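Fold and contact review
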Amino acid sequence: MPGAVGGDAPDGDVAAHYGSISAEQRRLLEGATFVDLSHRDVVTISGPDRLTWLHSLTTQALEGLAPGTPTEVLLLSPQGRIEHGFSGVDDGETFWAHLEPGAGAPLVAFLERMKFFMRVSVADVTDDFAVIGLPGLQHRVVPRATLTDLPAELGDPVGLWAWEALRIEAGHVRVGVDTDDRTIPNEAGLLGVAVHLDKGCYRGQETVARVHTLGRPPRRLVLLHLDGSVDHLPPHGSDVVLDGKVVGFVGSAARHHELGPVALAMVKRNVPLDATLLADGVAATQQVLVDPEAGLHVRPVLS
C-alpha cells in the first residue's frame, strides 16, 4: 500500500506503519480499519476427529468447540515448557490455526507424527490464506488473493506497530517472541487463556498443575514502562538487569500513544516488584502481569 514502511524481523514482511504511528493506534481503537498480519503462518486441521484429537494433545478444551469461537492453544513438552502455540477457530468442518512466521512447518511436522489412526488431515496453507488483525485484537483468516481488496471493505489499514502497542498494553504474549524454550504457561499469564484448568490429561499437565496449586512460578511476565526521555526501544532478546545482574529478557517493545514506550519482559520471580530495572540500558518500572506468589494455596487472587 502507498506509504507503507516495513518493520524488523520477524515482522519485516508486513507494514510497520503508514507514516502516522500514534494516529494509527487511535484508529485501531476506534474501528473501521485492519492490520496486515499476512506474515503469520496458517495451518488447517480437518476431518471428523479433529477436535477430539486436538483436545487430547493440547492444553485447551476443544471438544464441542462451537463454530466461530476463537481460542488459544498450546502444545507442551513433557516438562511443561511451551513448544508450540497458536490461535484458531473452527468453522464446523476445519480448524483454522495461525501462528508466528516460520512456526507452521514445525507444527505440521509434530501433528503428522501424532495422527496414528485418527481421521484428521493437516496442511500448511500459508501460500493461499492470510491473517488480518481487526479492532479489539481480533483475527480473521482470508484468502491471500483478496488482501488488496480489503481496504474497500474494512477501511485503510494501519501498521503492525499500532497492533503491537495495544497487544503489549493488554499483556498478550507472542509465543516464541515473548517466551523462550524454558517458558511454562504459568509464567506467561496463559492459565485460563490458552490453558483450560479443568480438562483431562495432556502432555506437560503435571508441571502446570503443580505450579498452579503451589504457586511461585520460576519467572513472571511483566509490563515495563520505559524511560520516555531515551530515544531507544530495547530490541527483542535484550537483557533486563537489576544491580548489575541479568534477571530476564525483553520480548517485544513498542511506543504506545498514551503510555509511551512499553515492553513485555520475562523476569525472575524474586525480582522486587518496586525495583527499577534496566532494559538494554533503558530505565524501566514494572507493572505486574503475573503475580509472583499466585497459587491456590498461596494467594489465589492478586490483591
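Residues numbered from 1 in each chain as written. Predicted model: local features only at pLDDT ≥ 70, side-chain atom pairs only at ≥ 80, totals over all residues. Heavy atoms only, no water.

Next up on the list: the environment of valine 290. Counting through the fold element by element, valine 290 comes out in the segment after β16 (282-288). On a C-alpha basis, the gap between valine 290 and leucine 223 in space is 9.6 Å, while along the polypeptide they are 67 residues apart. Setting aside anything within four residues of it in sequence, one finds valine 290 in contact with Asn186, Glu187, Ala188, Gly189, Pro217, Arg220 and Leu221. (Helix = DSSP H or I, 4+ residues; strand = E, 2+ residues; numbered from the N terminus. Contact = heavy atoms within 4.5 Å.)

This part covers the pattern of salt bridges. Overall, the coordinates contain 16 salt bridges when judged by the stated rule. In this structure, arginine 174 and glutamate 100 form a salt bridge, with 2.6 Å as the shortest nitrogen-oxygen distance. With arginine 174 in the loop between α5 (160-170) and α6 (205-214) and glutamate 100 in the loop between β7 (94-99) and α3 (104-113), the pair connects residues that are 74 residues apart, well separated along the chain. The exposure classification of arginine 174 matches that of glutamate 100, with both residues buried. Among the salt bridges present, the one from aspartate 180 reaches arginine 219, with a minimum N-O distance of 2.9 Å. Of the two residues, aspartate 180 sits in the loop between α5 and α6 while arginine 219 sits in strand β11 (residues 219-226), which places them 39 residues apart along the sequence. Residue class for arginine 219 comes out buried when judged on its relative accessible area of 7%. (Salt bridge = Lys/Arg side-chain N within 4 Å of Asp/Glu carboxyl O. Buried < 20%, exposed > 50% of the residue type's maximum accessible area, 1.4 Å probe, protein only.)

Right, let's talk about the pairing of β16 for a bit. Note that β11 and β16 share five bridges and pair antiparallel. If you follow leucine 223 over to β16, its bridge partner there is glutamine 287. Sheet topology places strand β15 (residues 277-279) next to β16; three bridges connect them, and they run antiparallel. Each residue of the ladder has a partner; that of leucine 277, found in β16, is alanine 284. In this structure, the hairpin formed by β15 and β16 is closed by a connection of two residues, where aspartate 280 is found at a positive phi of approximately 55°. (Pairing = 2+ DSSP bridges.)

Before going further, it helps to spend a moment on the sheet that holds strand β12 (residues 239-242). Here six strands make up a closed barrel; going around it, the order is β11-β14-β13-β12-β15-β16 and the pairing antiparallel. In this sheet, neighbouring strand axes are inclined to one another by 40° on average, regardless of whether the strands run parallel or antiparallel. In the sheet, strand β13 (residues 245-256) pairs with strand β14 (residues 260-268) via eight bridges, with the strands oriented antiparallel. If you follow glycine 248 over to β14, its bridge partner there is valine 267. Its contacts with the sheet put α5 on β11, β13 and β14, and the angle it makes with β13 is roughly 130°. (Axes fitted to C-alpha atoms, helices over the stretch in contact; angles between N-to-C directions.)

Turning our eyes to something else, we now look at the layout of surface pockets. The calculated volume of the largest pocket comes to roughly 880 Å³. As for the largest pocket, its lining consists of 42 residues, and the residues nearest its centre are Glu72, Ser87, His139, His172 and Val173. Those elements giving two or more residues to the lining of the largest pocket turn out to be β5 (71-76), β6 (82-90), β7, β10 (138-143) and α5. Here the lining of the largest pocket is built from residues that sort into 21 nonpolar, 13 polar and eight charged. In this model, the second largest pocket occupies a volume close to 540 Å³. (1 Å grid on protein atoms, 1.4 Å probe; cavity = no way out; pocket = protein on both sides within 12 Å on 5 of 7 lines; lining within 4 Å. Points joined across faces, edges and corners; volume = space filled by probe spheres on them. Nonpolar A, V, L, I, M, F, W, Y, C, P; charged D, E, K, R; others polar.)

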